[in-house]
Amino acid sequence: MQRVHNIRLNPTPQQTEYLRKACGTARFAFNWGLAEWQRQYAAGEKPSAYALKKQFNTIKREQFPWVLDVSKCAVDTGFRNLDAAFKRFFRRCKNGDTKKGYPKFKSKKRSKLSFRMDGTRVRVDGHWLTLERLDKPINMAEVLRFDGEIRSVTISEHGGHWYAAINVEVEPPKHKHPQGSVGIDVGVKTLAVLSDGMRYENQVLLRSKLRKLKRLNRELSRRQKGSGRWNHTRKKLARFHRRIADKRLDYLHNMTTRIARTYRIIGVEDLNVAGMLRNRRLALSIADAGFGEIQRQLRYKSEWYGGILVEVDRFFPSSRLCPMCGEIKSDLTLRDRTFVCACGYVADRDVNGAQNIEREALRLMSRGRSGFTDSLNGREQNVRPFGAVLDEASKLAEERQPSRPAVV
Ligand SMILES: [Zn+2]
């Protein structure tokens, strides 16, 4: 299985020059390919990124000799991105989406600086990263934390710093989970509530920093666009955004690692994040909390530790369902923090939601349905026999049946 370690780089000015050049080459190859694609298409031909790359390679030595100053991976990146951009475009056309997103030319100013190196064309040695066609190795702020074959390295710039995302093929560890199962209710007020009562508060990092953000934005709008001061403020703003994002990501990583290490079966709601983001009042909180990111991290981390992530249908009424009588409370609003059922069942709203998600996940598992089979099949080794997992889920499902509260 593959894991990525993102490491900050400390390049010298000459090395920065190389990195910029490689990104520029990737962008140039993309734009050249896009222009040629459009020309060929207009001429009634059927262009492909692969054929265009071959065509480019036959002329590059004569027409664009400077692309040879950097690794060939830079040109490859451009055509790979072109291929991906058209694939996305064709898929959206097929789906009948309103926004088709025809590939656009990448501008020097606006497009993200990035390129990808093949694992065979880099070398990592302690704090040093050697790239093809770059004579001296680049210093890395950290040592690579994974042991294994390097598949690829994506180098990019964010907020004035350079980073290398190193993709490594690794053997998952042998891990024993202390707990059988859990359900997670992700929310706006509290970031996540677990079925065993554990709470992760939403730090609302963005909100507390909103004032500084507004000030910087005002500062930027006062400056003359394109001027030296404008650029200075723009960079300051980018660095600030990056710092907030880093902190939030750190918090999410801590949380998801703990969950993935502790519980073998993890039930989460398959939230339609895109749909929820359209609700404007909720949008800031949700973007702040990073719902999609939580799910993404849990998916690969539970796989890493040999656990199973079960995504419960997002139309499952997790927080509105009474586990005692099966009644669905349709008038429960976001304001109601306590779940009170006519049958006498009372519970914390979020914990009730999390417990319902856990039960539903176990039910789906013991019935052998739902998407979790995919993630299970994706793992070739280190997986217990399928039947054993299902037996475990059935047992847990029985244990997790609600009991009547002592006082009704
Ligand atoms: Zn009830």
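Just so you know, these numbers come straight off a predicted model, no measurement behind them.

Asker: Describe in detail the overall build of the protein chain, supporting the description with residues and values.
Answerer: Each helix and strand in the protein chain was counted, giving 12 helices and 14 strands. Put simply, the protein chain has 408 residues, and 28% of those count as buried. Restricting to contacts in the protein chain with at least 6 residues of sequence separation, those with at least 24 account for 69%.

Asker: Mind laying out the pairing of strand E8 (residues 179-186), listing which residues take part and the relevant values?
Answerer: Regular strands show a simple pattern: their side chains alternate between the two faces of the sheet. Taken across its 8 residues, E8 has 6 buried, putting it largely inside the fold. Direction of pairing for E8 relative to strand E11 (residues 263-269): parallel, over a ladder of 5 bridges. Pairing of Gly183 across the sheet is with Gly267, part of E11. Bridge count between E8 and strand E9 (residues 190-194): 3 bridges; the pairing is antiparallel. Pairing of Ile184 across the sheet is with Leu194, part of E9. From the end of E8 to the start of E9, which pair antiparallel, there are 3 residues.

Asker: Describe helix H2 (residues 49-63), naming the residues involved and giving the relevant values.
Answerer: The largest bend along H2 measures about 30° and falls at Asn57. Buried within H2 we find Ala49, Leu52 and Phe56. On its buried side, H2 packs onto helix H1 (13-42) and helix H3 (72-95).

Asker: How would you sum up the pairing of strand E12 (residues 308-312)? Please name residues and give values.
Answerer: Counting buried positions along E12 gives 5 out of 5 residues, so the element sits mostly inside the fold. Side-chain alternation along E12 places Ile308, Val310 and Val312 on one buried face and Leu309 and Glu311 on a second face that is also buried. Across 5 bridges, the pairing between E11 and E12 is parallel. Counted as the bridge partner of Gly267 is Val310 from E12.

Asker: Just give me the short version of the packing of H2 against H3, but keep the residues and values in it.
Answerer: Between two packed helices, the angle of one axis relative to the other and the distance separating the axes together describe the packing. Close contact between H2 and H3 brings their axes to 9 Å; oriented N to C, the two are set at 155°. By the angle class used here, H2 and H3 are roughly antiparallel. In this structure, H2 meets H3 at a crossing whose hand is right-handed. Two secondary-structure elements touch here, H2 through Ala49, Leu52, Lys53 and Phe56 and H3 through Val75, Phe79, Leu82, Asp83 and Phe86. Class assignment of the residues belonging to the contact of H2 with H3 gives a composition of 7 nonpolar, no polar and 2 charged.

Asker: Give me unusual backbone geometry: which residues, what numbers.
Answerer: Glycine aside, the phi torsion of most residues is negative, and most peptide linkages are trans. Its identity is not glycine, yet Arg133 carries a phi of approximately 65°, on the positive side. Following the sequence through the fold, Arg133 ends up in the loop between strand E4 (128-131) and strand E5 (138-140).

Asker: Just give me the short version of the sheet that holds strand E3 (residues 122-125), but keep the residues and values in it.
Answerer: Strand order in this open sheet of 7 strands is E2-E6-E7-E1-E5-E4-E3, and the pairing throughout is antiparallel. Only two strands of the sheet have a single neighbouring strand rather than two, namely strand E2 (114-118) and E3. The mean inter-strand angle of the sheet, taken between neighbouring strand axes irrespective of direction, is 30°. Of the pairings in the sheet, the one linking E3 to E4 comprises 4 bridges and is antiparallel in character. Among the inter-strand pairings, Val122 is bridged to a residue of E4, identified as Leu131. Running over the sheet, H1 touches E2, E5, strand E6 (149-158) and strand E7 (161-169) and is turned about 95° from E2.

Rules used throughout
- Residues numbered from 1 in each chain as written.
- Predicted model: local features only at pLDDT ≥ 70, side-chain atom pairs only at ≥ 80, totals over all residues.
- Helix = DSSP H or I, 4+ residues; strand = E, 2+ residues; numbered from the N terminus.
- Buried ≥ 20, exposed ≤ 12 C-beta atoms within 10 Å, placed from the backbone.
- Contact = placed C-beta atoms within 7 Å.
- Pairing = 2+ DSSP bridges.
- Bend = angle between axes of the 7 residues up to and from the residue.
- Axes fitted to C-alpha atoms, helices over the stretch in contact; angles between N-to-C directions.
- Parallel < 35°, antiparallel > 145°, perpendicular 65-115°, else oblique.
- Left-handed = near helix turned anticlockwise from the far one by under 90°.
- Nonpolar A, V, L, I, M, F, W, Y, C, P; charged D, E, K, R; others polar.

Everything listed here is a matter of coordinates, which is why it stays silent on function.
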